[in-house]
Structures are given as C-alpha cells and as structure tokens.
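Okay, here's what each chain looks like letter by letter:
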Amino acid sequence: MPRLLAILLLGLALNVAQADTALFSAQGYRIAQYRSPTPATVDGAQTLDTQALQRLLGQASPPILIDVYRRPWVQGRFIDSEPHANLPGSLWLANTGDGDLDPTWQAYFSHHLRTATGGRLDLPLVFYCRADCWLSWNAVKRAAAMGYNHVYWYRDGLDAWEAANLPLQAARPEPFP
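What counts, and where the lines are drawn
- Residues numbered from 1 in each chain as written.
- Predicted model: local features only at pLDDT ≥ 70, side-chain atom pairs only at ≥ 80, totals over all residues.
- Heavy atoms only, no water.
- Helix = DSSP H or I, 4+ residues; strand = E, 2+ residues; numbered from the N terminus.
- Buried < 20%, exposed > 50% of the residue type's maximum accessible area, 1.4 Å probe, protein only.
- Contact = heavy atoms within 4.5 Å.
- Areas by Shrake-Rupley, 256 points an atom, 1.4 Å probe, with all protein chains shown as cover.
- Salt bridge = Lys/Arg side-chain N within 4 Å of Asp/Glu carboxyl O.
- Arc of directions from axis to C-beta.
- Polar contact = N/O pair within 3.5 Å; in protein donor to acceptor, adjacent residues only side chain to side chain.
- Expected span 1.5 Å × (residues − 1).

Engineer: Lay out the overall build of the protein chain with the relevant residues and their values.
Structural biologist: When its secondary structure is counted, the protein chain shows 5 helices and 9 strands. Mapped from its N terminus to its C terminus, the protein chain presents α and β elements in the order α-β-α-β-β-β-β-β-α-β-α-β-α-β. Considering the protein chain as a whole, with its 177 residues, one finds that 42% of them fall into the buried category. The contacts of the protein chain with a sequence gap of at least 6 include a subset with a gap of at least 24, amounting to 75%. Total accessible area on the protein chain stands at roughly 9700 Å², and carbon and sulfur atoms take up 56% of it.

Engineer: Outline the pattern of salt bridges, listing residues and values.
Structural biologist: Evaluated as defined, the whole model comprises 5 salt bridges. One salt bridge connects Asp 80 with Arg 172, and the closest N-O pair in it is separated by 3.0 Å. In this pair, Asp 80 sits in the loop between β4 (77–78) and β5 (85–86) while Arg 172 sits in the segment after β9 (169–170), placing the two residues 92 residues apart along the sequence. Through salt bridges with shared partners, one network takes in Arg 130, Asp 159 and Glu 162.

Engineer: Mind laying out helix α2 (residues 50–57), listing which residues take part and the relevant values?
Structural biologist: Those residues of α2 lying buried are Thr 50, Ala 52, Leu 53 and Leu 56. Along the axis of α2, the buried positions cluster into a sector of 160°, meaning they face one direction only. More than 90 degrees from the buried face of α2, the exposed residues found are Gln 51 and Arg 55. Next to the buried residues of α2 lie β1 (46–48), β2 (64–67), β7 (125–128), β8 (151–154) and α5 (157–163). A distance of 3.3 Å separates the backbone nitrogen of Gln 51 from a side-chain oxygen at the start of α2, and that oxygen is part of Asp 49.

Engineer: Please set out helix α3 (residues 103–117) residue by residue, giving values where relevant.
Structural biologist: Look at α3: 21 Å from first C-alpha to last across 15 residues, which is about the 21 Å you get at 1.5 Å a residue. Looking at the buried positions of α3, the neighbouring elements they touch are β2, β3 (73–74), β4, β6 (91–92), β7 and α4 (134–145). Backbone geometry just after α3 places Gly 118 at a positive phi near 65°.

Engineer: Break down the side chain of Asp 98 for me, citing the residues and quoting the values.
Structural biologist: Within the secondary structure layout, Asp 98 lies in the loop between β6 and α3. Exposure remark for Asp 98: the relative accessible area of 16% places this residue in the buried category. Reaching out from Asp 98, the side chain makes a polar contact with the side chain of Arg 70 at a distance of 2.9 Å. Not counting residues up to four positions away in its chain, the partners in contact with Asp 98 are Tyr 34, Arg 70, Leu 135, Asn 138 and Arg 142.

As structure tokens, then:
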C-alpha cells in the first residue's frame, strides 16, 4: 500500500508540474516565456527575412506593418517606461500578441486592424516584434483566425531591422478607440 501511495503522489506531482509549465493555451497561443526561441514558421503566414520585407515594402501596394511589442498598461493608459522605435510607417498595437487576450484587448486589436485595412481581409499585413519573440507569432495566428488571408511574419523583427542599419521611427502605441 505505501508503494501505491508513493506512485499516486508522484503522478500527481508530475501533473501539477506540467500544469505550472504550460507554454500554450488550449487555442494554441503561446502564453508564457514570450522571449525565447521561436519556430521558423507559423500557420497562416509566410515568414519574411529583412530582404524579403524590403522587397514587399518597395511594391506599389506595400503591406501594413504592425508592431506588437509590449507596453505597460496602468489605470487605463500606456506607460512610457522606456523609448520605443519601430519600422517607419508601422502601427504599434501594443500588448496584442499576448497569448490570452481579454475582450478589451481583442477589441483593440480588431478595431485597429479593421481601420488599417478598411475592413478588407485581403490586404497584406506584416506582424513583428523582436527576435525570439512569441508575441508576433501569436498576433499572426490571431489575425489569420480572424480571416486575414495575406499575412506575413517578420520573425526576427526590430532586431534584424536594426542590425541591417535601416531607419527607425519613434513610436507610440495606437490609442484605445
């Protein structure tokens, strides 16, 4: 009997440890350890490197750039805790790459995507954050799930852009509607 009890307790402890270290939600979004190595691809999007992004930006109808880097949100406003820059012309939809978005943040994300695209699901969208950042991976999955069908993931994001010595612009998150 003591041996059976020990086995049961060990099994329970392993299940608790697994629950505490869950990295993905039931919907498949990354919910923990956002700054860690990312996969090479994400379902629903084409992965871009810096050269491929520059080619897209040079087209007659360039994509809409969307930065999803985090910004502290306290008492109904973004806190400018540190300067942030992004690729010129980007929309900064802060905090929308989190794995679990409450309805307020989901509405913020949806509203700004609809506004930027005029409601067209076929316009090209490029999501980015930093290198090894799951926030942009989540945002890509979320946009694809919303029906956007021309989605790109600039996987190495701002870090790759800076490494290529390309211009940046000072950024502020888009306001809540």
